[in-house]
Amino acid sequence: MRLKVRGTQNEGIPTASMADIAFLLIIFFMVTINFEVDKTTVGLPTTELRFEIPKKSAYISIIESGQIRVSSGEEISVAVPGPENVLSFAVDVVASNPGKAFVLKADKNVPYRYVDSVIDALKQARAEVIYLLSEQETLDGDGGGQ
Amino acid sequence: MKIKKQSVSEEIPTASMADIAFLLIIYFMVTTTFAATRGLDFSLPKDDQDTPPMVDKEESVLIEIQPGGVLMVDGKAMPLDAILEYLKPKLERNPAKPVIIRPNPEAEYGYMVAVFDEIRQAPDKIGMEVKNVSIPTQREIEMFWY
């Protein structure tokens, strides 16, 4: 007697939902992506206390050689010739948004005189708060660099 | 003669949808950077006047930072982790005791951040807050100290 095979099994892997999963992942990346306005590579100092920096803060970065770059938080950072230019930049930022936070992204090995001139410019521009960007201090007393 | 009709599929072809989606995911994964977005906040004095608030040098605790990270607290060399113990009795007598951090212009910025971080941890380490911390700039020191 010939037996009738009941039903057929599909040999292919179902891929219909693959696109849905992929698009969900895309949405996740699009929502969480954080476009950096300043891509300067510096060795940040490490601290145990760290607080969240407000989004769209203005950035001032100082690399080890003392070169300064600034960004109002809306566009990519640009190099400025010297600390005196930081004052005019900070005055413009504070004039357009008086409560705007400034982020100081300085290399841990930079001589303090460069940082001093930047902090002085921010004080003169009537900035309200500065965030000293840092890495988390680990148990061995060191953090990663950026 | 019977003309054979070519049949057109009524469905939208979605086979390549997953490929496109995964390409987008790869793009986002490659371009995403995990930026450091935390740091130590440092509030600047809200000076409506042109002169900063006067701090009596004799009444305050002066922390000087030398190049190489040598710390001088009120003229005495002291390790970083001993500063808060030194401050504790002074803060018990006067909770508003001013603390002045004065880095040498050639000292590395990382040491200034380390000292500031240590002082900000006072509530956790000695159970008292250092309410009055100032980091005068070189211009302020020259203008108001001498």
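Residues numbered from 1 in each chain as written. Chains lettered and ligands numbered in written order. Predicted model: local features only at pLDDT ≥ 70, side-chain atom pairs only at ≥ 80, totals over all residues.

**Considering the pairing of strand E7 (residues 129-133) of chain A**
To keep it simple, the criterion reads: Neighbour counting defines burial: a residue surrounded by 20 or more other C-beta atoms within 10 Å of its own C-beta is buried, one with 12 or fewer is exposed, and intermediate counts give partly exposed, using backbone-placed C-beta atoms. By definition, any uninterrupted DSSP run of H or I lasting at least four residues is a helix, any uninterrupted run of E lasting at least two residues is a strand, and each is numbered from the N terminus. Strand pairing is assigned whenever DSSP detects at least two bridges linking the two strands. Handedness of a crossover is defined as follows: with both strands directed away from the viewer, a clockwise route from the first strand across the helix to the second makes it right-handed.
The buried fraction of E7(A) amounts to four of the five residues, a majority that puts the element mostly inside the structure. Relative to E7(A), strand E6 (residues 102-106) of chain A is paired through three bridges, and the arrangement is parallel. Each bridged residue has a counterpart across the sheet, and for A:Phe102 the counterpart in E7(A) is A:Ile130. The parallel pair E6(A) and E7(A) is bridged by helix H3 (residues 112-124) of chain A, and the resulting crossover is right-handed. In this structure, E7(A) lies alongside strand E1 (residues 38-43) of chain B, joined through five bridges in antiparallel fashion. Considered in E1(B), the bridge of A:Ile130 is made with B:Phe42.

**Here we look at the nonpolar core**
Our working rule: Here a nonpolar core is just a set of buried residues of the types Ala, Val, Leu, Ile, Met, Phe, Trp, Tyr and Cys, joined wherever their C-beta atoms sit within 7 Å. By definition, residue pairs are in contact when their C-beta atoms, positioned from the backbone, come within 7 Å.
Core analysis: the biggest nonpolar cluster contains 50 residues, and A:Leu104, A:Val115, A:Val118 and B:Met112 have the highest contact counts within it. Ignoring sequence-local partners within four residues, the contact set of A:Leu104 consists of A:Ile60, A:Val118, A:Ile130, A:Tyr131, A:Leu132 and A:Leu133.

**Section: the sheet that holds strand E5 (residues 98-103) of chain B**
Residue and element names in this part refer to chain B. Worth spelling out the cut-off: For helices, the fitted line uses only the C-alpha atoms of the stretch in contact; every axis is such a line through C-alpha atoms, and the angle between N-to-C directions lies from 0 to 180 degrees.
With mixed pairing, the five strands of this open sheet are ordered in space as E4-E3-E2-E5-E6. Two strands in the sheet have a free side with no partner beyond their single neighbour: strand E4 (76-77) and strand E6 (132-134). As paired strands, E5 and E6 are joined by three bridges and run parallel to one another. Paired with Val99 across the bridge in E6 is Val133. Lying on the sheet, helix H2 (residues 83-93) is in contact with strand E2 (61-65), strand E3 (71-73) and E5; it crosses E2 at an angle near 165°.

**Structural notes on the pairing of E5(B)**
Consecutive residues of a regular strand have side chains that alternate between opposite faces of the sheet. Pairing of E2(B) with E5(B) involves five bridges; the strand directions are parallel. Considered in E5(B), the bridge of B:Ile65 is made with B:Pro103.

**Let's talk about the interface of chain A and chain B**
At the junction of the two partners, chain A supplies 44 residues and chain B supplies 38 residues. Per element, the largest residue contribution to the side of chain A that touches chain B is eight residues, and it comes from H3(A).

**Comments concerning the environment of B:Met143**
All names here are of chain B. Mapping Met143 onto the fold places it in helix H5 (residues 138-144). For Met143, a count of 12 C-beta atoms within 10 Å corresponds to the exposed category. With 35 residues separating them along the chain, Met143 and Glu108 place their C-alpha atoms 24 Å apart.

**A short note on the environment of A:Ile53**
Relative to the assigned elements, A:Ile53 resides in the loop between strand E2 (51-52) and strand E3 (58-62). Here the alpha-carbon distance between A:Ile53 and A:Ala101, two residues 48 residues apart in the chain, equals 8.2 Å. With residues up to four places along the chain from it excluded, the contact list for A:Ile53 reads A:Ala101, A:Val103, A:Tyr131, B:Thr37, B:Arg38 and B:Gly39.

**Quick word on the confidence of the model for chain B**
Our working definition: Confidence of the prediction at every residue is given by pLDDT, a number between 0 and 100.
Of the residues in chain B, 84% reach a pLDDT of 70 or more, and the chain-wide mean stands at 83. Across the whole predicted complex the pTM is 0.75, and at the interface the ipTM reaches 0.75.

**Quick notes on the packing of helix H2 (residues 83-96) of chain A against H3(A)**
All names here are of chain A. For clarity, the cut-off: The cut-offs work like this: below 35 degrees is roughly parallel, past 145 is roughly antiparallel, 65 to 115 is roughly perpendicular, and the gaps in between are oblique. Crossings are assigned a handedness: left-handed for a near helix turned anticlockwise from the far helix by less than a right angle, right-handed for a clockwise turn. As a working rule, the residues Ala, Val, Leu, Ile, Met, Phe, Trp, Tyr, Cys and Pro are called nonpolar, Asp, Glu, Lys and Arg charged, and the rest polar, with Gly in that last group.
One can describe the packing of H2 onto H3 by two numbers: an axis separation of 8 Å at closest approach and a directional angle of 30°. The orientation of H2 with respect to H3, classified from their angle, is roughly parallel. Where H2 crosses over H3, the handedness of that crossing is right-handed. Counting all contacts with H2, which are made through Pro83, Val86, Leu87 and Ala90, the residues of H3 involved are Ser117, Val118, Ala121, Leu122 and Gln124. Within the contact of H2 with H3, the residues separate by chemical class into seven nonpolar, two polar and no charged.

**Comments concerning the sheet that holds E3(A)**
Pairing in this open sheet of seven strands is mixed, and the strands run E2(A)-E1(B)-E7(A)-E6(A)-E3(A)-E4(A)-E5(A) from one edge to the other. Every interior strand has two partners, whereas the edge strands, E2 and strand E5 (78-80) of chain A, have only one. Alignment of E2(A) against E1(B), held across two bridges, turns out to be antiparallel. In the sheet register, A:Glu52 faces E1(B), and the bridge partner there is B:Arg38.

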